[in-house]
Amino acid sequence: MKPGIAAQTGAVLYGVNNIFLVRSDRGAVFECRIKGKILKNSQGDYNPLAAGDGVSFLPDAGHPGKGVLLSRGERKNALLRWNKKGRAVQAIAANVDVLVCVASPVSPPFRPRFLDRLLIAARLSGISALVCLNKSDQGTTPMIEERLAGYGERNIPVLRSRAAGNADTADLEKAIWGKRAVFAGQSGVGKTSLLNALSGGPGRKTGELSEKYNRGRHTTVLACLETWEGGEIIDTPGLREFDICGLAARDLRFFFPEFEEFASGCRLGGCTHTHEPGCAVREAAENREILFDRYESYCRIYEDLVRREEREAY
Ligand SMILES: Nc1nc2c(ncn2[C@@H]2O[C@H](COP(=O)(O)OP(=O)(O)OP(=O)(O)O)[C@@H](O)[C@H]2O)c(=O)[nH]1
Ligand SMILES: [Mg+2]
Ligand SMILES: [Zn+2]
């Protein structure tokens with residue numbers, strides 16, 4: 001180390017391969033590399049750093065704007081998922097105040113079971129969450145409204161927005177003002193468009209980054225922390241599927257509180273509500289006393305979790 005250069009702390013904006021853009025606490029942006037192979041405090045993870053992570057780094061005296069990462073700071077929280085290919089836990093974003101689950105009604109189609117998974121992951125990490133139905137110009141259906149009402153009943157705020165054409169992001173802006181929000185959802189629901197529609201949003205800055213690192217692809221391929229007038233947004237690439245991690249199958253029921261009043265009527269003690277005879281929860285779903293789609297959501301997540309538990313037990 002040359003004399004006179006001191007380590008600094010900052011936040012990860014973006015990362016590709018082993019290069020990370022870091023905004024120092026003083027506001028300058030550095031292109032940093034991980035020294036050696038493993039970053040301190042990140043052993044065993046699929047990705048050593050996520051957008052929003054706090055880091056310490058050493059600026060390179062000979063190359064202004066470059067630096068070497070020293071360690072990852074302690075995380076307040078992180079939105080995590082199970083990365084099937086890598087068979088490891090992947091952090092999508094770190095140190096966030098709120099998860100905005102973005103959905104659209106028609107293109108791409110509304111996928112409530114996908115939202116269920118995102119919302120469970122947020123709760124597991126202690127991140128508050130809301131649902132934002134974008135593309136409000138495309139209308140909705142009774143099925144969508146029924147589902148959205150269900151979120152409302154479980155105290156998950158639901159709001160609507162329009163990021164294209166005659167944009168309307170007023171409710172969203174109010175909900176995330178002063179916070180660091182992470183936008184997640186399927187590809188094409190309009191996460192990046194929303195970010196750009198916010199007052200004082202980054203607009204072309206996203207383009208600059210994607211030209212440099214993403215080789216001109218238009219959709220988001222890596223999570224990126226951006227600043228707007230009311231706070232910070234972590235824009236994430238569209239997810240095709242979302243596998244929950246850090247939850248035992250037997251505990252999944254706690255995320256479906258509407259099952260509770262029926263569960264005492266199940267014939268078998270310890271009923272998992274998936275295949276058992278005399279399951280009162282299943283019956284309630286069949287009689288539409290519980291949203292059948294929510295019941296199905298439960299069964300699929302349950303199956304996923306059990307399958308992974310069996311695989312890991314080997
Ligand atoms: N009709 C309509 N189209 C919209 C709206 N918001 C975004 N779009 C369009 O939807 C398409 C996808 O928008 P993006 O912002 O790239 O979606 P994304 O969620 O960031 O997608 P990924 O980066 O792939 O995850 C674009 O063609 C947008 O113009 C909206 O409110 N209404
Ligand atoms: Mg995008
Ligand atoms: Zn049951």
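Just so it is clear, the model here is predicted, and its values are computed rather than measured.

Further remarks concern the overall build of the chain. When you go through the chain residue by residue, the secondary structure sums to eight helices and 13 strands. Its C-alpha atoms put the chain at 75 × 55 × 30 Å along the principal axes. Out of the 314 residues in the chain, the part that is buried amounts to 37%. Expressed as a percentage of contacts within the chain between residues at least 6 apart in sequence, the contacts between residues at least 24 apart total 66%.

This paragraph deals with the nonpolar core. In terms of nonpolar packing, the biggest core is built from 79 residues, with L79, A93, L99 and C101 touching the most fellow members. Tallying contributions element by element places helix α1 (residues 112-124) first for this core, with seven residues. What A93 contacts, discounting residues up to four positions off in sequence, is A50, A51, G52, A78, L79, V182, A223, I234 and T236.

Turning next to the domain arrangement of the chain. According to the domain assignment, the chain contains domain 1 (8-72), domain 2 (78-235) and domain 3 (249-313). Measuring from the centre of the C-alpha atoms in domain 1 to the corresponding centre in domain 3 gives 43 Å.

Attention now goes to helix α2 (residues 142-153). For α2, spanning 12 residues, the distance from its first C-alpha to its last is 16 Å, which sits close to the expected 16 Å at 1.5 Å a residue. At the exit of α2 stands N155, carrying a positive phi of roughly 65°.

Moving on to the confidence of the model for the chain. On average, residues of the chain score 90 in pLDDT, and 90% of them reach the 70 mark or higher. Per-residue pLDDT stays below 50 along residues 204-218; that stretch engages in 11 contacts with residues further than four places along the chain or on separate chains.

Right, let's talk about unusual backbone geometry for a bit. Put simply, S107 and P108 share a cis peptide bond, and its omega is -5°. Residues other than glycine seldom take positive phi values, yet R288 does so here, at roughly 65°. With respect to the helices and strands, the residue R288 is situated in the loop between α7 (280-286) and α8 (292-313).

Let us look at α1. When the terminal C-alpha atoms of α1 are compared, their 18 Å separation across 13 residues agrees well with the 18 Å that a helix rising 1.5 Å per residue should span. Along α1, 10 of the 13 residues are buried, which leaves the element largely enclosed by surrounding structure. Turning to α1, its buried residues are P112, F114, L115, D116, R117, L118, L119, I120, A121 and A122. In the segment just after α1, G126 is the residue with positive phi, at about 70°.

Two faces, one strand: in a regular strand the side chains alternate between the faces of the sheet. By the alternation rule, side chains of strand β3 (residues 29-34) split into F30, C32 and I34, which are all buried, and V29, E31 and R33, of which none is buried. Note: strand β2 (residues 19-24) against β3, five bridges, orientation antiparallel. Its bridge partner being in β3, F20 is matched across the sheet by C32. One ladder, built from four bridges, connects β3 with strand β5 (residues 66-72); its direction is parallel.

This part takes up the environment of H273. With respect to the helices and strands, H273 occurs in the loop between α6 (260-263) and α7. Residue H273 is classed as buried on the basis of its C-beta count, with 23 C-beta atoms lying within 10 Å. Residues H273 and D97, 176 residues apart in the sequence, show an inter-C-alpha distance of 34 Å. The contacts of H273, once residues within four sequence positions are left out, are F259, C279, V281, R282 and Y298.

Looking at where S199 falls in the secondary structure, it is placed in the loop between α4 (191-197) and α5 (204-213). Counting along the chain gives 104 residues from S199 to E303, while the straight-line C-alpha distance between them is 43 Å. With residues up to four places along the chain from it excluded, the contact list for S199 reads E173, W228 and E229.

Moving on, we come to the environment of C245. Relative to the helices and strands, C245 is located in the loop between β13 (231-235) and α6. Spatially, the C-alpha atom of C245 lies 14 Å from that of G126, the residues being 119 residues apart in sequence. Not counting residues up to four positions away in its chain, the partners in contact with C245 are L80, R81, W82 and V89.

This part is about the pairing of β2. With six bridges connecting them, strand β1 (residues 8-16) and β2 associate as antiparallel partners. Bridge pairing links G10 to S24 in β2. Counting the residues that bridge the hairpin from β1 to β2 gives two residues, and of these N17 lies at a positive phi of roughly 50°. Hairpin connection between β2 and β3: a loop of four residues separates the two successive antiparallel strands, and G27 in this loop has a positive phi of roughly 100°.

Each value, and the rule that gives it
Residues numbered from 1 in each chain as written. Chains lettered and ligands numbered in written order. Predicted model: local features only at pLDDT ≥ 70, side-chain atom pairs only at ≥ 80, totals over all residues. Helix = DSSP H or I, 4+ residues; strand = E, 2+ residues; numbered from the N terminus. Buried ≥ 20, exposed ≤ 12 C-beta atoms within 10 Å, placed from the backbone. Contact = placed C-beta atoms within 7 Å. Core = buried A, V, L, I, M, F, W, Y, C linked by C-beta atoms within 7 Å. Domains from an automatic or database assignment. Expected span 1.5 Å × (residues − 1). pLDDT = per-residue confidence, 0-100. Pairing = 2+ DSSP bridges.

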